[in-house]
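The lines below spell out each chain.
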Amino acid sequence: MRPADLWRHSSFRLALGVTLAVLAALILVGAIGYTVLHRQLADRQDARLLEIFTTLQQSDAADQQDLIEAIAARITASPTHASVFLLRDATGKVLVGNINDVPIGSGWSTVEAEVLGVQTDYPYRVYAGELHGDYLVVGLSNADLDDLAEIILTGFIWSAVAILIAAIAAGAWVAARLQRRLTEVTAGLHRVAGGDLSTRLTLSGRGDDLDLISGEINHTVGRLGALVEAMRQVSADIAHELRTPLNRLRIHIEQAARNAAVSAPVEDDLAAAIAQSEAIDQTFSALLRIAQIEAGARREKFAPVDLAALLADVADVYVEVAEDAGQTLSCDAGGAAWVMGDKELLTQTFANLIENAIRHCPSGTAITCTAQAVGNQVTASVSDTGPGIPAGERELVLRRLYRLEKSRTTEGTGLGLSLVKAVVDLHGAELALADARPGLRVEMRFARIVGAS
Ligand SMILES: Nc1ncnc2c1ncn2[C@@H]1O[C@H](COP(=O)(O)OP(=O)(O)O)[C@@H](O)[C@H]1O
Ligand SMILES: [Mg+2]
């Protein structure tokens, strides 16, 4: 990774930002520590200086020679000029001293070593004043103080450099690692964009935020793949299934053309062709209707519906049709069972299920409808005692245009149950096709709402 790339990484910038903050804190703490320490040491130095001065002051006032000797002894004890002295008498004559005779005002002052004629780089802290009629100058070297400043400063500079290097290295490492994983994610998404919906991002297993996002992406791509596959299946099925009725239409028209060529009557063939094209039109209408329901736009029209009353009404309409087919139709819908839904679509759903039972079951079949509210659910069912649907085909009959082999000649489009499924999904309900031993039982579970009037 180039340094310019590094800068684009938020992780790197974050690491650097934190480092700078730490450095700033370090400098602040260092500055405060240094100031406090420096002042403390300077105060001590001053105290020592004053102590030397007052000790000399306590010498016998009448014995000037004694004072001179005491100072001389101190000068001998400080060959490196750590402490300096100068004693002048009232006439300005130097009595004893290890520095140049320069004018130094009484009280505290800081004087350069050069001025005092001492060979050292450090200045001197000086206290001067009257002493038994003479003038005494006492000084202490700032060497310790200035050395301390240098030690602290160098220490800080080196630790700052070390911290900066470590932070840049850590930031670069984190950024590089993140970049590797981001590149993987981007490459994966690129493959998805290229149409490979079987792509899955690899997770690090650490469960970090990138894993979370990758997992979510995998889930989304998985769902997308399933949807695309379903769509592909649907279009393939539709194209395949529509070929048969279109072929039949063509056969009728060809037959009519042949008859017309020999001046034979064509009414029957044309009537059959019209009926066939109407059937195709119906299929398309139903397909469009299912697509519309699946798009979910109708959910806006939802209102409270008493499913028990609705099912009873629909069953009423079909009682006679069932009787004509030699079957019985009964409805067991007790108390009110309220759900949120689209009344028209739910009516169509029950009608489809009852029609199926009538159409696909032989004479003598008993058809039963039930609707009841239990707990927070409303269950509605349509059962018959007919031939039922084999377990292996119960999922398939929900697909568009799918019909059992034996029903191919029966009237119908193969879209009745697809519409039921779409409506149930639209209502967020559950649909189950089961064996009624014998026969088929179609059961739907809706979320119950508190009664409406
Ligand atoms: N009550 C039933 N008993 C037996 N088979 C059924 C029943 N309902 C549906 N089927 C089977 O499921 C297929 C799909 O049903 P559906 O989607 O309503 O299409 P259609 O009724 O137009 O054929 C039917 O063709 C039939 O084979
Ligand atoms: Mg049907």
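What you see is a predicted model, and the numbers here were worked out from it, not measured in a lab.

Around ligand 1 sit 23 residues in total, of which Asn356, Arg403, Leu404, Gly412 and Gly416 are the nearest. Mapped by element, the contributors of at least two residues to the shell around ligand 1 are helix 9 (343-360) and helix 10 (416-426). With five residues, the top contributor of residues to the shell around ligand 1 is helix 9.

Here we come to helix 7 (residues 267-295). Across its 29 residues, helix 7 extends 42 Å between first and last C-alpha, which sits within 8% of the 42 Å expected from 1.5 Å per residue. What helix 7 keeps buried is the set Asp269, Ala273, Thr283 and Ile293. On its buried face, helix 7 is in contact with helix 6 (209-261), helix 9 and helix 10. Following helix 7 by one or two positions, Gly296 has its phi on the positive side, about 85 degrees.

Attention now moves to the environment of Ile358. As for its placement among the helices and strands, Ile358 is situated in helix 9. For Ile358, the residues in contact, after removing those within four places along its chain, are Tyr318, Val321, Ala322, Ala325 and Gln327.

Before going further, it helps to examine helix 6. When the terminal C-alpha atoms of helix 6 are compared, their 77 Å separation across 53 residues agrees well with the 78 Å that a helix rising 1.5 Å per residue should span. At Arg243, helix 6 shows its largest kink, close to 25 degrees, and the proline Pro245 lies no more than four residues downstream. For helix 6, a buried count of four out of 53 residues is recorded, marking the element as mostly open to its surroundings. Buried residues of helix 6: Ser214, Val221, His252 and Ala256, and no others. Considering only its buried residues, helix 6 is in contact with helix 5 (143-193) and helix 7. The first or second residue beyond helix 6 is Ser263, which carries a positive phi of 55 degrees.

Burial of strand 9 (residues 366-374) is one-sided: the residues Ile367, Cys369, Ala371 and Ala373 facing one way are buried, the residues Ala366, Thr368, Thr370, Gln372 and Val374 facing the other way are not. Sheet analysis places strand 7 (residues 328-333) next to strand 9, joined by six bridges and oriented parallel. Its bridge partner being in strand 9, Thr328 is matched across the sheet by Ala366. Pairing of strand 9 with strand 10 (residues 377-384) involves eight bridges; the strand directions are antiparallel. Following the sheet pairing, Cys369 is matched in strand 10 by Val382.

It is worth spelling out the domain arrangement of the protein at this point. Partitioning the protein into domains gives domain 1 (3-146), domain 2 (209-294) and domain 3 (299-447). On a C-alpha basis, the centres of domain 1 and domain 3 stand 104 Å from each other.

Parameters at a glance
- Residues numbered from 1 in each chain as written.
- Chains lettered and ligands numbered in written order.
- Predicted model: local features only at pLDDT ≥ 70, side-chain atom pairs only at ≥ 80, totals over all residues.
- Near = placed C-beta within 6 Å.
- Helix = DSSP H or I, 4+ residues; strand = E, 2+ residues; numbered from the N terminus.
- Expected span 1.5 Å × (residues − 1).
- Buried ≥ 20, exposed ≤ 12 C-beta atoms within 10 Å, placed from the backbone.
- Contact = placed C-beta atoms within 7 Å.
- Bend = angle between axes of the 7 residues up to and from the residue.
- Pairing = 2+ DSSP bridges.
- Domains from an automatic or database assignment.

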